[in-house]
Amino acid sequence: MPVAITPGQFRDLPERIRQGDASAETELVHHFTRRIFVMGVVRTHDREAARDLVQDVLIAVIGSLRKGQLLDPDKLAAFVHGTARNLINNRLRTERQQPQLEPLSENLAQACLSEELEYAERTRLVLQAMNRLGDEDRQILWMTLVEGRGPAEIASSLGLSSEVVRTRKGRAIRKVTDLIRNKLSRTLANCHIVKREL
Amino acid sequence: MNCREVEEQGVLECYLLGRLPDSQRDEFERHYFECDSCSSLLQVELTVQEHLKLLQPILPPAKKASIRRTWYWMPAFAVLTLVLVAGIWWRARQQQPVHQEASATLGTQPTSSGETQQPPLVGPSLEELARVQPPPYSVTVLRGAEDVAEFKFENAMQHYVNGGYASAIPGLRTAVKNSPRTARFSFYLGACYLMTGQTSSAIASFRKTISQKEQPYSNQSHYYLAKAYLQSKDVASAKKELQMTVDLGGGMADEAGEVLHQLNR
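The rules we used
Residue positions are given per chain, counting from 1 as you read along its sequence in written order. Ligands are numbered from 1 and chains lettered from A, in the order in which they are written. Local features in this predicted model are restricted to residues whose pLDDT is 70 or higher, and side-chain atom pairs enter the listing and the counts only when it is 80 or higher, whereas totals over whole chains, interfaces and linings include all residues. For helices the rule is a DSSP run of H or I covering at least 4 residues; for strands it is a run of E covering at least 2, with both sets numbered from the N terminus onward. Residue burial here comes from a neighbour count, namely the number of other C-beta atoms, placed from the backbone, that lie within 10 Å of the residue's own C-beta, with 20 or more meaning buried, 12 or fewer meaning exposed, and in between meaning partly exposed. Note on contacts: residues are paired as contacts if their backbone-placed C-beta atoms lie within 7 Å. Here an axis means a line fitted to C-alpha atoms, over the contact stretch when the element is a helix, while the angle between two N-to-C directions is reported on a 0 to 180 degree scale. Helix crossings fall into two classes, left-handed where the near helix is turned counterclockwise from the far one by less than a right angle and right-handed where it is turned clockwise. Here the nonpolar group is Ala, Val, Leu, Ile, Met, Phe, Trp, Tyr, Cys and Pro; Asp, Glu, Lys and Arg are the charged ones; every other residue, Gly included, is treated as polar. Each helix should span, by expectation, one fewer than its residue count multiplied by 1.5 Å. Note that the arc is computed from the directions linking the helix axis to the C-beta atoms. Should an angle lie under 35 degrees it is considered roughly parallel, over 145 roughly antiparallel, and from 65 to 115 roughly perpendicular; all remaining angles are considered oblique. The nonpolar core criterion groups buried Ala, Val, Leu, Ile, Met, Phe, Trp, Tyr and Cys residues into a set whenever they are joined through C-beta atoms within 7 Å. Looking at any residue, its pLDDT shows the predictor's confidence there, from 0 to 100.

Colleague: How should I be thinking about the environment of Ala-183 of chain B in this particular structure?
Modeller: All names here are of chain B. Residue placement: Ala-183 occurs in helix 11 (residues 183-195). Under the C-beta neighbour-count criterion, Ala-183 is labelled buried, with 20 such atoms within 10 Å. For the pair Ala-183 and Ser-218, spaced 35 residues apart in sequence, the C-alpha to C-alpha distance is 7.5 Å. Setting aside chain neighbours within four positions, we find Ala-183 in contact with Thr-209, Gln-212, Glu-214, Tyr-217 and Ser-218.

Rendered as structure tokens:
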């Protein structure tokens, strides 16, 4: 389950990891997995490659943090991003040639798996929310996110004003986001309660 | 870069489409690695984008403005038609005897007890309510210790994600046989049975998953078990499982509630 990390806790993560706190590593994995994954998908256009990259990046980051190589804890996010960017660039350059990596420990693999489950649930909810949108709203999302058209172009194509297109696009995304936020948190909270009871 | 700039300049959409210059792309990535709000929105839009690509065949083609303009006349036509119908109705009403006025106005017939009969509500059929979308699955690639069951499962799920539910069944069966206590295996085996109309096998698999009490598979199994019961026309058992899904309150609760509501009508 994703853990919301407060700024204070976030600042402590590098030091906790350096001291060998396994739960800190899990928190780090939860916090950054999806960010790295999105970055990987966008840059490589390959979901499988992005999944591999998530592991490569997390292993590299955790390895560095265990050695205390991050001097400024406030720059953890930038450090993870920089590591991700370097590994993605390396991968794109060398394509199939991959570095030798140690497998993830069982706990961290489990953390990634829970992210995968959350992703699957998120996907289901997005589909559900999309089905609730009107044809025209879906079309606006399609033109924006797939065809890459701007509001003005969409507006002239659909006979609407640019402002209406912007508003409707924002509203459609908000509907999807709200549904995911509400239902996902309920599902995960429920799972958490059941696990505790077991 | 801040959230406001991201929104105003449409940075997020350009990023997803790979249209940002390298420097701006790096800047935006640095921003969303630190910003929960943009990171969350980005993930939603990426998922929406992926689903839209899958939905491409069923989306209507883009309407042209000229076509759209013809629809501007529709309200005027609707108002004109309404006025004409109202005029005809008013004239007819003037000519009717007083005792028939009430029934004519409501469009209903009085019963012997004096109550009015409502037209019967028409809901979805049992077959429609039994229809089900396969539970989603995204292929997991973890470099942990892989056993035979996990290997068979992942291979079978390659078929599953491509809609090959029948092809996935043998591999999933082997996975379940090798690792009978893994709820994930029996859950997706049940899903494959359900999608291929093998309802009794689906019911057995989902029951097994529920007994394993491993979340989220156990909770979700109640919903899919209900769908299996509906496919086999066992409405009473379906209602029981749907109620259980609602009571457990997971992500399927709303859908289960809607189906239950339809069944109770």
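Colleague: Could you clarify how one ought to interpret the packing of helix 14 (residues 235-248) of chain B against helix 15 (residues 253-264) of chain B in this entry?
Modeller: Helices that pack against each other are described as a pair by the angle of their axes relative to one another and the distance between those axes. Residue and element names in this part refer to chain B. Two elements in contact, helix 14 and helix 15, have axes separated by 8 Å at closest approach and are oriented at 145°. In the crossing of helix 14 with helix 15, the sense of the turn from one axis to the other is left-handed. Contact with helix 14, carried on its side by Val-235, Lys-239, Leu-242, Gln-243, Thr-245, Val-246 and Leu-248, involves Ala-253, Ala-256, Gly-257, Val-259, Leu-260 and Leu-263 of helix 15 and no other residues of that element. Residue classes in the contact of helix 14 with helix 15 are distributed as 9 nonpolar, 3 polar and 1 charged.

Colleague: Where do I start with the environment of Pro-73 of chain A in this structure?
Modeller: All names here are of chain A. Position of Pro-73 relative to the elements: it lies in the loop between helix 3 (47-66) and helix 4 (76-94). You can call Pro-73 partly exposed: it has 15 C-beta atoms within 10 Å. Considering only alpha carbons, one finds Pro-73 and Glu-15, 58 residues apart in sequence, at a separation of 7.9 Å.

Colleague: Would you explain helix 14 of chain B in this entry?
Modeller: Given 3.6 residues per helical turn, the α-helix brings residues three or four places apart onto the same face. Residue and element names in this part refer to chain B. Over its 14 residues, helix 14 runs 20 Å from end to end, which matches the ideal 20 Å to within 8%, given 1.5 Å per residue. Taken together, the buried positions of helix 14 are Ala-238, Glu-241, Leu-242, Thr-245, Val-246 and Leu-248. For helix 14, the angular spread of the buried residues around the axis is 165°, confining them to a single face. Turned more than 90 degrees off the buried face of helix 14, the exposed positions are Ala-236 and Asp-247. Taken from the residues just after helix 14, Gly-249 is the one with a positive phi, measuring 70°.

Colleague: What's the story with the packing of helix 2 (residues 22-44) of chain A against helix 3 of chain A in this structure? I'm lost.
Modeller: All names here are of chain A. Direction vectors running N to C along helix 2 and helix 3 enclose 140°, while the axes themselves pass 8 Å from each other. The angle between helix 2 and helix 3 places the two elements in the oblique class. Crossing hand, helix 2 versus helix 3: right-handed. For the pair formed by helix 2 and helix 3, the contact residues are Glu-25, Leu-28, Val-29, Thr-33, Ile-36, Phe-37, Gly-40, Val-41 and Thr-44 on the first element and Arg-47, Ala-49, Ala-50, Arg-51, Leu-53, Val-54, Val-57, Leu-58 and Ile-62 on the second. Per-class residue counts for the contact of helix 2 with helix 3 are 12 nonpolar, 3 polar and 3 charged.

Colleague: What should I look at first to understand the nonpolar core in this one?
Modeller: Within soluble globular proteins, side chains that are nonpolar generally end up buried alongside one another. One finds Ile-36, Val-57, Val-80 and Val-176 of chain A together with Val-48 of chain B to be the most contacted residues of the largest nonpolar core, which totals 55 residues. For this core, the element with the highest residue contribution is helix 2 of chain A, accounting for 8 residues. The residues contacting Ile-36 of chain A, other than those within four sequence positions of it, are Leu-53, Val-54, Val-57 and Ala-84 of chain A.

Colleague: What is the right way to look at unusual backbone geometry in this model?
Modeller: The phi torsion of most residues other than glycine is negative, and most of the peptide bonds are trans. With an omega of 0°, the peptide bond running from Gln-215 of chain B to Pro-216 of chain B counts as cis. Note that Pro-216 of chain B resides in the loop between helix 12 (199-212) and helix 13 (217-231). A positive phi angle, near 60°, is found at His-45 of chain A, a position not held by glycine. Counting through the fold element by element, His-45 of chain A comes out in the loop between helix 2 and helix 3. For His-45 of chain A, a count of 10 C-beta atoms within 10 Å corresponds to the exposed category.

Colleague: Explain the confidence of the model for chain B here, please?
Modeller: Residue and element names in this part refer to chain B. For chain B, the mean per-residue pLDDT works out to 75, and 69% of the residues sit at or above 70. The least confident element of chain B, judged by mean pLDDT, is helix 7 (residues 101-106) at 38; the most confident is helix 11 at 91. For the stretch residues 97-121, pLDDT sits under 50, and the model shows 14 contacts to residues farther than four places along the chain or on other chains. This prediction of the complex comes with two scores: 0.47 for pTM and 0.71 for ipTM.

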